[in-house]
Amino acid sequence: MAEVIPPKVNWPHYSTENVQRASKKDTKLGKDDFLKLMMAQMKYQDPMSPMDNKDMVAQMAQFTSVEQLTNISDQLKAMSASLGNSSGLIGKMVSWAGETKTGNYDIATGKPEVITTTERGLVDSIIVRGGVHYVKVGDKEIELSKVEKVENAPEPEPEQPAGGDGGSGGDTPPPTGQGAGAE
């Protein structure tokens, strides 16, 4: 008996190409789209019953609101990318993934062996180069997007007073009647 192979059913709306194409479409309406819609509405309105003045004013107010919201959004994006946001990292302890290539090669892939380590250090300064923010830790510059962890810097250890056994700054009073001047 011959083997029956079922036909491959390809639904056009579920093909991977259609899904990828649909996912790339920009479905956001901006202020230019809103203005185009309003102009088309005015162009094709019924001359026997034109748009009422108050409707026109309401649409203009909506357009102004959309424009202002777009401007606010742009300002928020610029503010989040500003130096002021990342400057709060100065004096903080940051961690990032560091890579070290060894001299060993993986025979299967032909690529060098890479060891990934977690490095950390205290942020000295922030550098902005080409719109990209970097934290400067010692002599290293780490892109801000590569920072994995931010924490407060460890508290410095209190300094011990100099000079001897360290007994002069404790809770016990100094000995009396001993040493120079006592008879």
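Higher on the page you've got the structure.
Quick notes on the rules
Residues numbered from 1 in each chain as written. Predicted model: local features only at pLDDT ≥ 70, side-chain atom pairs only at ≥ 80, totals over all residues. Heavy atoms only, no water. Pairing = 2+ DSSP bridges. Helix = DSSP H or I, 4+ residues; strand = E, 2+ residues; numbered from the N terminus. Axes fitted to C-alpha atoms, helices over the stretch in contact; angles between N-to-C directions. Contact = heavy atoms within 4.5 Å. Polar contact = N/O pair within 3.5 Å; in protein donor to acceptor, adjacent residues only side chain to side chain. Phe/Tyr/Trp six-rings, centres within 6.5 Å; stacked < 30°, edge-to-face > 60°. Lys NZ or Arg CZ within 6 Å of the ring centre and 35° of its normal.

**Focus: the sheet that holds strand E4 (residues 132-137)**
Inference 1: Pairing is antiparallel across the open sheet formed by three strands, whose spatial order is E3-E4-E5. Lying at the two open borders of the sheet, with one neighbouring strand each, are strand E3 (125-129) and strand E5 (140-143). In this sheet, neighbouring strand axes are inclined to one another by 35° on average, regardless of whether the strands run parallel or antiparallel.

**Digging into the side chain of Ser 95**
Inference 1: Within the element layout of this structure, Ser 95 appears in strand E1 (residues 93-105).
Inference 2: Residues in contact with Ser 95, not counting those within four places in the same chain, are Thr 118, Glu 119, Arg 120, Lys 146, Val 147, Glu 148 and Lys 149.

**Structural notes on the environment of Asn 152**
Inference 1: Structurally, the position occupied by Asn 152 is in the segment after strand E6 (147-151).
Inference 2: Setting aside anything within four residues of it in sequence, one finds Asn 152 in contact with Lys 92 and Met 93.
Inference 3: One polar contact links Asn 152 to Lys 92, side chain to side chain, over a distance of 2.6 Å.

**Section: the packing of aromatic side chains**
Working definition: an aromatic ring pair is given by the centre-to-centre distance plus the angle between the planes.
Inference 1: Counting across every chain of the model gives zero aromatic pairs.
Inference 2: Of note, Arg 129 hangs over the ring of Tyr 134, and the distance from its end group to the ring centre comes to 5.4 Å.

**Let's talk about the pairing of E3**
The side chains of a regular strand alternate between both faces of the sheet.
Inference 1: With five bridges joining them, E3 and E4 adopt antiparallel strand pairing. What sits directly across from Val 128, in E4, is His 133.
Inference 2: Linking two consecutive strands that pair antiparallel, namely E3 and E4, is a turn of two residues; a positive phi of about 65° is found at Gly 130 within it.

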